[in-house]
Every structure is written in structure tokens, then in C-alpha cells.
Amino acid sequence: MRGGRRSCAWRWLWLALLLASRPALAEPLTDHLVNTYLHIDAAERARLEHGQANGAIEIAPVILPEGDNIIDGNIHFGWPVAAMVGDSIVVSTRRKPGHGLPDNAGSGPFFVRSTDGGQTWSGMNDLKPLMPFGIEPGGMSVIGSTSSGRMIIKFRGALISENGGESWTHYPTAFTNLSSDVHHFGPTMIEHPAFGLMMFNGRADGSDRAYIRYSQDEGEHWKETSWDTGLFLPKEPAAATWDGNILLISREFNPDFGLHPDNGYYMLTQHLYRYKEGDTPADIKFETLRTNIAGNPWNGATGDPSPGAWAHDTADVIFNPITGRIELLDSHRRGGAGANTGTEPGLALSTLNLWSIDPQDLLDGSTNWQFETTLLERDDFWNMNHLDGLHPGGSVIDLEHGVQHIFVYAGGGNNSDTPENGIFRITRSLHTASLAPAFKNHMGDVNGDGKVGLGDLQTIGDHWMSTNANWSTGDFNFDGIVNLADLQILGDNWHYGFSGDLSFAQALATVGLQLPEPGSLILFIPAWLQLLRRQ
């Protein structure tokens, strides 16, 4: 073999450097976070740690109501929404004494900021001094960003940052002469290629009207149009856009539409606008249909007057540029997920679930979303006296690192024994097809039999250096290719789940893998390993 021992040693260094570039694993969840805020059992904790070890998910606190963060007894941090520009993420949230309780003198809106892609966070930055007209009532804010690098928060006008949230300018008249009593805003703004920045919300009066606010100067001034839904309103609609089309996802409280007449369950609804070149915002009309994502029946869990209407929290919806699909985050307050959605109305769980649909299927009129996986399962159900939060509306996409950062609030309820609510970041891979296997299988377990052995190694050999790869073909680090990094992951976990006769080196010789090397030379693995053993 050309290059001999020295060349092989250099290639081993190349492999070591490659593996060193893999991202470090996040800090494990502590008992304090699990018991005070997340309320997950031992099995769910193990499942999440498994997914984290496999690079599929990471859960970490952003800001908690502890120590100096507590102001005037405000220990309920909730309704987070986020925007990202470069490596800077701004999460805008609220602090109150409890869920639904009015703001007092010490509470109100604030934001925290990260300049390293969500790994570390600033302390609380109070927004009240920037709002001379007082505190805007309610919980959730509306936030967005532009392709030019601006961030915009809707607070008593518009707050705009040109430097990733480091400083802000207040535009108090941004919404002058628009409807004053609009409510039920969706969590985020979208940037439409023809219409500019857009936000969506429910009715402003007694009629069945929904509203679109849009800005064509990046948030400094806004205009308004509306449409007659004939149904009720899109409540807190999450929004996504692709090719000029717009999709809203909302929860409905009106049983005349939200309650499915055939199965008696509340359903999430989708509102679709099909873009035509030359359209103006005044031309936007949404077709509203029920999805297959169910909540619970009207008279579900005992003691809650309307669990069906409240079974879903504010959703989030994105166009995933990696999968090319529309993907939906659904917070279900009665444990529904996948095939279990809507089948167990008294189930003592609350879940955060991921769904997807092909964009063309949407345009063709489909309402059949595909269940992907459950990202988080909490041990109890929601009501005003129990667990609160999740509320995934307002996530951000970090395409450079191939992840979606989801911000939720988790803790106790209004009057529970553990009423604290803190803000958490849930970061998940945008390689959606890899998520479910990563939760279920050990690293290196291609076929899902709970073991890492010769069959898994053979799969890597069969797909060596293949692109557009996924877990089932041996891509364990979700970079889309089966290569040295994936082989090393399998080797690190060799014989997991059973005691095999073959060592990893012997198994490599059996499979007879060949590795590409710089300069298009071929290096045979057994010879490479024998050299390493001699050194």
C-alpha cells in the first residue's frame, strides 16, 4: 500500500480531527429542572437523554424565576416568542404572579438575548422603559426578523433593532389609525416576498373577521386588511410562507367550527392562501379546513368545563428548507400524539408533538398531516391549577447548524404546589426523518433491534459514502453522508445490547469496508486497524 506506515498514521490523525469537530453534547438535565419545571418521569427523562446523546434534541433552560430574576413575586415566566439574526437570538416573554393574573407594578414584558446561537443567555432586559404608553395587556407578544437583519417586536407600537437586539428604537405610531381592539395575535411575523412583513390575528369586533397587518418598510409603518371568515376567528394563528403561499394554523374555541361534527373532538385548523402573481394584500383570502390533528371532546376530563377547546396551545408552523415539507409543532394538553390523538380524553399527560405535510398536498386541498414524533411528554395534564405552558409558538430556524430552536415555558400552574414557570429551549434537528429513530435506537443501531452489531456495520458498508443518507442507512450524526464519523460512532457503541464474539476490528475485516482517503487513494480498514494496534 502506498505511503506505508507513516501515511496510515497521518490518516488516523485526520480521522481524530474529524471526530473532534463533532458538536459537544449538552449538559444533562438535573433533578431540579426535572422536578420543579419539566415534570417528566424516569422513562421520559431516559428517552430525552437518549435523543440528546444521538444528536436529535437538546433541552436547556433559558431563564428561570430564581434568585435576582424574581421581581415583586413574579414567578410565572411565560408565552415566549423569538427572532434570530446571525448568531443572535432574542426571546421576548412576560413575567406575572401566575397564569392569567394581571400585571402588577413589578411585572411586564422583558427579553433575554443570546449571541452564541442559544448556548448562553443575558439577564432580563426590561421593555417597559421603552414603552412610554404603558404595558400592553395580555400574554404573548409578536416578533419577527427581516432578511436585511432587522428584529421587530410589537409592543405599544414597534420596537426595532438593527444589531441583533443589542439596542432598540421605539416607533410608537407604527400602528396608528389601525383597529385598536384586535386580539388573538399569532406569535410571529413572516416576511413575504411580495407583501413585506406580515402578522395575523383574530377578530377586532363582533363580526367574524380576521385581520392581516403588513409593513413594506421593515416594520416602521403598518397597514391593515381583513377578511370575513364566516366561521369565527383564527385564534393565535402561527404562520409560514413558501413560494408566496401562506399557511396559518390556529386553535378554535368556537364549537360551530372547531368541534368536529362526526367525532366530537376539537381539531386544529389550517387556513391556506394560494399566491397569484400580481396579488395585493387586499386580495388575500384564506380557505379554512379542519386538520386531522385532534384535541379532546367537549366533556373530556372531569372538572374542566371545556377541555376540548383548551386541549391545544398556540402552535408553531415552519417551512423546513431541509426536508422541503411544512412542519407543525402542536402542544397537546391531554397527551394526544400520533395514533393516540383524541382517543384518551382523561390521559394525565401533556405532549409537544411534531407533524408534517407536503406543500403540494396542502395546495391540492389535503388536511392529512403526518405524525413525526413526540418531542416532550410531561407527567400530568394542564388546567389552571395544574401544569401550564409548553406553548411552542415562536420558534426560529438555524439553517447553518441544521436545527430549529423551540422556546416553551414549563412549570406549575396558577395555584399548584410548584407554581414557578421558566423558559426552556428545545433544539431539534431539521433532519426530521432521523428524529424518531434517534429517540428509539441506540447510537449505531441501524435496524432498531436494540443492539449494535454486525448487521448494523454491514449497513454502513452497503451505503459507504452515500449522500442524502439518514439513520436507516448509517448516518448517525445527521450530516447527510455515511462516512468515517458514523463508523466511529458505531465503533464506540460496538456490542451495545449483547455480548458478541467478534471484536470491532474483526467485524470490520469481515465486512471488508474500504475508506476513501485524500488524493482519491483507497485505504483498507483491516490494515489500518492493524497498524494502529502495532503503534
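The notes below deal with the structure included here. (Residues numbered from 1 in each chain as written. Predicted model: local features only at pLDDT ≥ 70, side-chain atom pairs only at ≥ 80, totals over all residues. Heavy atoms only, no water.)

**Describing the pairing of strand E8 (residues 158–161)**
- Residues Ala 158 and Ile 160 line one face of E8 and the alternating positions Leu 159 and Ser 161 line the opposite face, and both faces are buried.
- As paired strands, strand E7 (residues 151–154) and E8 are joined by 4 bridges and run antiparallel to one another. Its bridge partner lying in E8, Met 151 is registered against Ser 161.
- Between E7 and E8, which pair antiparallel in sequence order, lie 3 residues; one of them, Arg 156, sits at a positive phi of approximately 45°.
- Of the pairings in the sheet, the one linking E8 to strand E9 (residues 169–171) comprises 3 bridges and is antiparallel in character. Bridge assignment links Leu 159 to a residue of E9, and that residue is His 170. (Buried < 20%, exposed > 50% of the residue type's maximum accessible area, 1.4 Å probe, protein only. Helix = DSSP H or I, 4+ residues; strand = E, 2+ residues; numbered from the N terminus. Pairing = 2+ DSSP bridges.)

**Details of the environment of Gly 196**
- Take Gly 196: it is sitting in strand E11 (residues 196–201).
- According to the relative accessible area criterion, Gly 196 is buried, its value standing at 17%.
- The spatial distance from the C-alpha of Gly 196 to the C-alpha of Asp 217 is 7.6 Å, given a sequence separation of 21 residues.

**Considerations on unusual backbone geometry**
- With a phi close to 55°, Asp 72 is a non-glycine residue in the positive phi region.
- Even without being glycine, Glu 236 reaches a positive phi, approximately 50°.
- We classify Glu 236 as buried; its relative accessible area is 14%.

**Considering the packing of aromatic side chains**
- A complete count under the given rule lists 14 aromatic pairs for this structure.
- With 6.1 Å between their ring centres and 90° between their planes, Phe 200 and Phe 286 make a pair best called edge-to-face. A residue pair is termed long-range when its members are at least 10 positions apart, and Phe 200 in strand E11 and Phe 286 in the loop between strand E16 (265–273) and strand E17 (287–297) qualify at 86 residues. Both residues of the pair, Phe 200 and Phe 286, belong to the buried class.
- Members of the aromatic cluster, each reached through a chain of ring pairs, are Phe 195, Phe 200, Trp 227, Tyr 273, Tyr 275 and Phe 286. (Phe/Tyr/Trp six-rings, centres within 6.5 Å; stacked < 30°, edge-to-face > 60°.)

**Some thoughts on the environment of Ile 71**
- As for its placement among the helices and strands, Ile 71 is situated in the loop between strand E1 (57–63) and strand E2 (76–85).
- Sequence separation between Ile 71 and Lys 96 is 25 residues, and the spatial gap between their C-alpha atoms is 9.2 Å.

**Examining the sheet that holds strand E6 (residues 142–145)**
- Spatial strand order, E6-E7-E8-E9: 4 strands in an open sheet with antiparallel pairing. Looking at which strands have only one partner, the edges of the open sheet turn out to be E6 and E9. With direction set aside, neighbouring strand axes in the sheet form an average angle of 20°. (Axes fitted to C-alpha atoms, helices over the stretch in contact; angles between N-to-C directions.)

**Side note on the environment of Gln 506**
- By the secondary structure assignment, Gln 506 is in helix H9 (residues 504–511).
- For Gln 506, a relative accessible area of 43% translates into the label partly exposed.
- Reaching out from Gln 506, the side chain makes a polar contact with the backbone nitrogen of Ser 503 at a distance of 2.9 Å. (Polar contact = N/O pair within 3.5 Å; in protein donor to acceptor, adjacent residues only side chain to side chain.)

**Some words on the packing of helix H7 (residues 454–462) against H9**
- Running from N to C, H7 and H9 cross one another at 45°; their axes reach a closest spacing of 10 Å. Accordingly, the angle class assigned to the pair H7 and H9 is oblique. As for the relative orientation of H7 and H9, their crossing is right-handed in sense. Between H7 and H9, the residues in contact are Leu 454, Leu 457, Gln 458 and Gly 461 and Phe 504, Ala 507, Leu 508 and Val 511, respectively.
- Among the residues making up the contact of H7 with H9, the classes are represented as 6 nonpolar, 2 polar and no charged. (Parallel < 35°, antiparallel > 145°, perpendicular 65-115°, else oblique. Left-handed = near helix turned anticlockwise from the far one by under 90°. Contact = heavy atoms within 4.5 Å. Nonpolar A, V, L, I, M, F, W, Y, C, P; charged D, E, K, R; others polar.)

**Side note on the pattern of salt bridges**
- Summed over the entire model, instances satisfying the criterion amount to 14 salt bridges.
- Asp 31 is paired through a salt bridge with Arg 45; the nearest N and O atoms lie 2.7 Å apart. Of the two residues, Asp 31 is situated in helix H2 (residues 31–38) and Arg 45 in helix H3 (residues 42–53); the sequence distance between them amounts to 14 residues.
- Residues Arg 150 and Glu 162 are paired through a salt bridge, measuring 2.7 Å at the closest nitrogen-oxygen approach. Here Arg 150 is found in the loop between E6 and E7, whereas its partner Glu 162 is found in the loop between E8 and E9, with 12 residues between them in sequence. (Salt bridge = Lys/Arg side-chain N within 4 Å of Asp/Glu carboxyl O.)

**Some points on the sheet that holds E11**
- Taking strand neighbours across the sheet as the criterion, the 4 strands line up as E10-E11-E12-E13 in an open arrangement whose pairing is antiparallel. Edge strands, defined here as strands with exactly one partner in the open sheet, are strand E10 (190–192) and strand E13 (223–228). With strand direction ignored, the average angle separating the axes of adjacent strands in the sheet is 35°.
- Judged from the 5 bridges that link them, E11 and strand E12 (residues 209–215) form a sheet pairing that is antiparallel. Residue pairing in the sheet places Asn 201 in a bridge with Tyr 211 of E12.

**As for the packing of H7 against helix H8 (residues 484–492)**
- At a minimum axis distance of 11 Å, the contact between H7 and H8 shows a crossing angle of 175°. In terms of axis orientation, H7 runs roughly antiparallel to H8. On the side of H7, the interface is formed by Asp 456, Leu 457 and Ile 460, while H8 contributes Asp 486, Leu 487 and Leu 490.

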